[in-house]
Structure formats: structure tokens, C-alpha cells
Amino acid sequence: MRGRTARAAWILASGAVALTLLSATGAHAEGRGDIRVTKTVVNGGNNVIIGTSARVTYPIAVTIRDNSGVKGLSDISVFNKTNGWGFSDWVDTRCVKQSSTTSVCTASMTIAPAWLPDSVPGDVNSTAGVWQVNATVKAKDGDYWISDHIAEFKMKRASKLTTDAAPEPVAKGATLTVTGKLSRANWEDLKYHGYARQDVKLQFKKAGAAGYSTVKTVKTGDTGRLSTKVTATSAGSWRWYFPGTTTTARVVSTGDAVTVK
């Protein structure tokens, strides 16, 4: 990749993946001939969500076109647009021919939370957010193209959300207290911590109804705790819904069914 500054790196024993500081340059492309990247899809168009323990492997599908046919990807990297931290290599690549001029080449990136605490100086959580994809592609006739900005995606910290409605059962017209907690993965200590001062929606689904509707929005406290009071008018399920942020994943709690007597 052009413009890389290898200030620090953490490399798997296999040498397949490197977590390193890459220069977050602006969009840049150069090469030779008519080969081009026409489309790039990261993780099927979904965010990449990283928790505290499980390894996550996500695909990057690059559609490439050249009049002589596509040879493949010779380099691909992803990194955070703000601080430049990212992966300088990929785990696996396969190309599927779509026509005589077009192929879709898919690279698989793998990340494990356990790699992170010793990989990034300072706050490792700062690597959550908007990431960028760079790639070098080659054609069968020797054409090549170096693209420093073929796609963007979001890598987010995983989140958890709980709900508890009490008392159960509750008398019709009485006050029901709905509590819960919003937490998110901390990549420094690989534990979940309360996510403070976030707007979370309280939702209700009446017994027999098809879906939930939002009743009110409540802000989490300093430890991520939620608590609010509602009037019990009918039996049904209560849940909390957090829409997510640029750095933290969307999450919906399990519904808590309450009987009204």
C-alpha cells in the first residue's frame, strides 16, 4: 500500500495479519491501463461488530473489470480514517469470474479482541468508528490499479442491553417500573462497561400484537443504568432499544412479558 508509515506493528505468529499504523491519506488512485474497481462491499453491507472474546471474520468483496480479464487482488488493507490504525494484510482471497472482463475478488479479514490491548498505544477504543478500504488490483495483460479509498465501513464496539419490568403481575392502572442496563465492549480490558448518557427507547408490545412501538426515550445514568415508570394498561412485553452510535453497535433487549390482573 502506498504511503504506509510502519510506526508500530503486532503480527500473528502465522504472519498472515498485521495490525499497524497506516497513513490515512485522502482518496488517491493510480496505475496503468483500463483496469478498475467498480464496486466494493464490506461484510455484506453490515457493520463489523467486535466484542470482548470471539474472533470475527468479515469479507470484503471487490468487483474488478479489465478488457483482458482479471488476475486478482495483489494487496488490500483497511484502517480507521481518524487515527490510521488498521490491517496491512489479509487472511484469504478468492476470485469468482463473472464474465470475460469482470471478476469479484473477496478477501477475508479476521480480528480477535485479545489482539487489541497490546496493539494500539493509547486508547484502543479509539479504533472504533469509520474505516476505509484500500486495494491494488491486477489484470491478465499486466494492467494494475492502486486505489486508496474504494469503500468505507464502520467497525463498532459490541453492546448489551437488559430489561426488567416489576412488579409482575401488576394491577391494571398501577405503576410499573421498567429498569435495565446498557453496556458496551471495552477493548482495553476486554470487559463490558456501562454506557453513560445515551438515549434508549422504551418499547411495548401488547399481548397478541405483531410488533413493538416506542413509548418514551430515557437517558442512561453514569453507570449505564435505565429506570422509568409507566402505567400498566394492558398485558404485554416491555423492552429497551438502543439505536447505536458511530462507534457502538445497535442492540435490542429481550422482552419482559408482564401480566395485568
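Everything below is about the structure printed above this text.
Residues numbered from 1 in each chain as written. Predicted model: local features only at pLDDT ≥ 70, side-chain atom pairs only at ≥ 80, totals over all residues. Heavy atoms only, no water.

Asks: So what exactly am I meant to see when it comes to the sheet that holds strand β10 (residues 102–111) here?
Replies: Think of a sheet as strands paired side by side through backbone hydrogen bonds, with each pair either parallel or antiparallel. What the four strands build is an open sheet, ordered β4-β6-β10-β9; its pairing is antiparallel. Bordering the open sheet on either side are β4 (36–42) and β9 (92–97), each of which pairs with just one other strand. Ignoring strand direction, the axes of neighbouring strands in this sheet form an average angle of 20°. Across six bridges, the pairing between β4 and strand β6 (residues 56–65) is antiparallel. Directly across from T40, in β6, lies its bridge partner V62. (Pairing = 2+ DSSP bridges. Helix = DSSP H or I, 4+ residues; strand = E, 2+ residues; numbered from the N terminus. Axes fitted to C-alpha atoms, helices over the stretch in contact; angles between N-to-C directions.)

Asks: Could you clarify how one ought to interpret the pattern of salt bridges in this entry?
Replies: Two side chains that carry opposite charge are able to pair once their charged atoms sit near each other. One pass over the structure, following the stated rule, counts three salt bridges. Two residues, R197 and D222, come together in a salt bridge whose shortest N-O distance is 3.1 Å. A residue pair is termed long-range when its members are at least 10 positions apart, and R197 in the loop between β15 (191–194) and β16 (199–206) and D222 in the loop between β17 (213–219) and β18 (225–231) qualify at 25 residues. On the basis of relative accessible area, R197 is assigned to the exposed category, the value being 54%. Given the relative accessible area of 65%, D222 is considered exposed. Salt-bridge contacts for K219 lead to D199; the nearest nitrogen and oxygen are separated by 2.9 Å. Placement of the pair is K219 in strand β17 and D199 in strand β16, with a sequence separation of 20 residues. Accessibility expressed as a relative area gives 48% for K219, which makes it partly exposed. (Salt bridge = Lys/Arg side-chain N within 4 Å of Asp/Glu carboxyl O. Buried < 20%, exposed > 50% of the residue type's maximum accessible area, 1.4 Å probe, protein only.)

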